[in-house]
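Now for the letters of each chain:
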Amino acid sequence: MNIVVTGGAGFVGRSLVRWFHKQGHHLTVVDRLPYRGGLAVDVVQGDLRDPDVVDQSLASDTDAVIHLAAMTYVLKSKERPHEVFENNVLVTQSLLERTRQLGIRHFVFASTNAVAGDHGEDVIDETSTPNPLTPYGATKAAAEMLINGYRHSYGLLATTLRFTNAYGVGMEFKDSVVPRFVRAIRAGDPVTVYGDGTQVRDYVYVSDMCRAFELALTKDFAGTLCIGYGRSYSVLDLVAKLEAVAGRRAAINFVPPKPGEMPAVRVAPVRARESLGWRAEVGLDEGLARVWEDLKTARP
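This structure is a prediction, so every number in the text was calculated from the model and none was measured.

Kindly report on the overall build of the protein chain, identifying the contributing residues and their values.
The secondary structure content of the protein chain amounts to 9 helices and 12 strands. Taking 300 residues into account, the globule formula puts the C-alpha radius of gyration at 19 Å, and the protein chain, at 19 Å, falls close to it. Its C-alpha atoms put the protein chain at 55 × 40 × 40 Å along the principal axes. Buried residues in the protein chain amount to 51% of all 300 residues.

Written out as structure tokens, the structure reads:
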């Protein structure tokens, strides 16, 4: 297949490009950042808000578009709502329209459980009513609605994958909770915990994410799926597991919680098992051990 991966220079994107490259597919990476994955792929470096970049990225022989590119700063999106709208909604619309014009068959979108918002301790699945708490979550929900409209109107094989917290090898430049905690513990610095640390999250390893993308394409699935491990852990659980990996205790610096942060994220990836035969294979203990090893030379 000829596969276009937007956001292919990022953490998940690089892993996904490697995944499909190993299977012999032809990849085109589209990103504002330079691609440093070390593979023989086509690269379009530019801002997808520019129509010329969209036109350069997709071609008549493209078989699938995997759309990862987005502004992903959940809480910072409150400070830059217009920018997150342009990057997450308008860009998605441009890609969908170009996909329709060229007759491209597949469109797979990387979404997030943040579209669901705060459902308390209830388990989130594909039927949960969207109630996003931030502009980021709202723009992802809006993009999902656009994709649904194109799927039903034009017969596009469009898949939305709502991921939980992504982590794994290759996070050296990420500022998300797992690499931040790893870097702090390695340096002997306190880990910063917002609130009391009892808020829970589901963590999905990057190779499990790659398999979900692959299955969405190979099984011609169209619709929305929740992709997560299916078990949630508190922030304090995360610290304890990293302490076990490190073989040392970590000091914790508790700071006030940030507005817009959900107290609990619990997902049920049942439909992914039923529709794709997908289930997470890498548990949190194994995944954190891999990240710890991968970041052993990282500096805080």
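Alright, that's what it looks like, and here's the rest.
Got a sec to walk through the sheet that holds strand E7 (residues 165–167)? Specific residues and values, please.
The 3 strands lie next to each other as E7-E9-E11, forming an open sheet whose pairing is mixed. With partners counted over all chains shown, the strands left at the sheet margins are E7 and strand E11 (232–234), one partner each. Sheet twist, expressed as the average angle between the axes of neighbouring strands with direction ignored, equals 50 degrees. Judged from the 3 bridges that link them, E7 and strand E9 (residues 200–205) form a sheet pairing that is parallel.

Please provide a residue-by-residue account of the packing of helix H5 (residues 177–187) against helix H9 (residues 284–294), values included.
At their nearest, the axes of H5 and H9 sit 10 Å apart, and the two run at 55 degrees to each other. Classified by the interaxial angle, the pair formed by H5 and H9 is oblique. By crossing handedness, the relation of H5 to H9 is classed as right-handed. Between H5, through Val178, Val182, Ile185 and Arg186, and H9, the contact on the second element is made entirely by Leu288, Val291, Trp292 and Glu293.

Tell me about the side chain of threonine 62, and name the residues and values.
Mapping threonine 62 onto the fold places it in the loop between helix H2 (51–57) and strand E4 (64–67). Among the polar contacts made by the side chain of threonine 62, one reaches the main-chain amide nitrogen of alanine 59 at a distance of 3.0 Å. Ignoring sequence-local partners within four residues, the contact set of threonine 62 consists of Asn2, Val4 and Ile104.

Which residues make up the packing of helix H1 (residues 11–22) against helix H6 (residues 206–218), and what values go with them?
Where H1 contacts H6, the two axes come as close as 10 Å, and the packing angle between them is 55 degrees. It follows from the interaxial angle that H1 and H6 lie oblique. The element H1 and its partner H6 pack so that their crossing is right-handed. Along its contact with H1, which presents Phe11, Val12, Ser15, Leu16, Trp19 and Phe20, the element H6 presents Val206, Ser207, Met209, Cys210, Arg211, Phe213, Glu214 and Leu217. Tallied by class, the residues present in the contact of H1 with H6 amount to 10 nonpolar, 2 polar and 2 charged.

Tell me about the nonpolar core, and name the residues and values.
In terms of nonpolar packing, the biggest core is built from 58 residues, with Ile66 and Phe213 touching the most fellow members. Considering each element in turn, this core owes the most residues, 7 residues, to H6. Val65, Val91, Leu95 and Ala158 belong to the second-largest nonpolar core, a separate cluster that totals 20 residues.

Let's hear about the sheet that holds strand E5 (residues 106–112): which residues, and what values?
If you walk across this open sheet you meet the 7 strands as E3-E2-E1-E4-E5-E6-E10, and the pairing is parallel. Pairing within the sheet leaves two strands with one partner each, and these edge strands are strand E3 (42–45) and strand E10 (223–227). Pairs of neighbouring strands in the sheet enclose a mean axial angle of 15 degrees, with direction left out of account. Where strand E2 (residues 26–31) and E3 come together, 4 bridges link them in parallel fashion.

Please give an account of H5 that cites residues and values.
The α-helix advances 3.6 residues per turn, and as a result positions three or four apart in sequence lie on the same side. Along H5, 8 of the 11 residues are buried, which leaves the element largely enclosed by surrounding structure. Inspection of H5 places Val177, Val178, Pro179, Phe181, Val182, Arg183, Ala184 and Ile185 among the buried residues, and these make up the whole buried set. Against E7, strand E8 (191–194), E9, helix H7 (235–246) and H9 lie the buried residues of H5.

A description of H6 should follow, citing residues and the corresponding values.
An ideal rise of 1.5 Å per residue puts 18 Å on 13 residues; H6 measures up with 19 Å between its terminal C-alpha atoms. Burial analysis of H6 places 10 of its 13 residues in the buried class, which makes it a mostly covered element. Every buried residue of H6 is accounted for by Val206, Asp208, Met209, Cys210, Arg211, Ala212, Phe213, Leu215, Ala216 and Leu217. Directly after H6, the chain includes aspartate 220, whose backbone phi takes a positive value near 55 degrees.

Definitions and cut-offs
In this convention, every chain numbers its residues from 1, walking through the sequence in written order. Side-chain atom pairs in this predicted model are given and counted only at pLDDT of 80 or more, local residue features only at pLDDT of at least 70, and totals for whole chains, interfaces and linings cover all residues. Side-chain metrics rest on all non-hydrogen atoms present in the structure, leaving aside hydrogens and water. By definition, any uninterrupted DSSP run of H or I lasting at least four residues is a helix, any uninterrupted run of E lasting at least two residues is a strand, and each is numbered from the N terminus. Computation of the radius of gyration draws on C-alpha atoms, with the globule rule given as 2.2 Å multiplied by the number of residues to the power 0.38. Buried means the residue's accessible area, taken with a 1.4 Å probe over protein chains only, is under 20% of the maximum for its type, while exposed means over 50%, and partly exposed covers the values in between. Strands were regarded as paired on the criterion that DSSP finds at least two bridges between them. Note on method: axes are straight lines fitted to C-alpha atoms, helices fitted across the in-contact stretch only, with angles between N-to-C directions ranging 0 to 180 degrees. Here the angle decides the label: under 35 degrees means roughly parallel, over 145 means roughly antiparallel, 65 to 115 means roughly perpendicular, and every other value means oblique. By definition, any crossing whose near helix is turned counterclockwise from its far helix by less than a right angle is left-handed, and any crossing with a clockwise turn is right-handed. We call two residues contacting when some pair of their heavy atoms lies within 4.5 Å. Pairs of N or O atoms are called polar contacts if they sit within 3.5 Å, as long as, within protein, a hydrogen donor faces a hydrogen acceptor (for residues adjacent in sequence, only side-chain-to-side-chain pairs). Residue polarity is assigned by list, with Asp, Glu, Lys and Arg as charged and Ala, Val, Leu, Ile, Met, Phe, Trp, Tyr, Cys and Pro as nonpolar; anything else, Gly included, falls into the polar class. Among buried residues, those of type Ala, Val, Leu, Ile, Met, Phe, Trp, Tyr and Cys that are joined through side-chain atoms within 4.5 Å constitute a nonpolar core. Expected helix span is taken as 1.5 Å per residue step, with the number of steps being one fewer than the number of residues.

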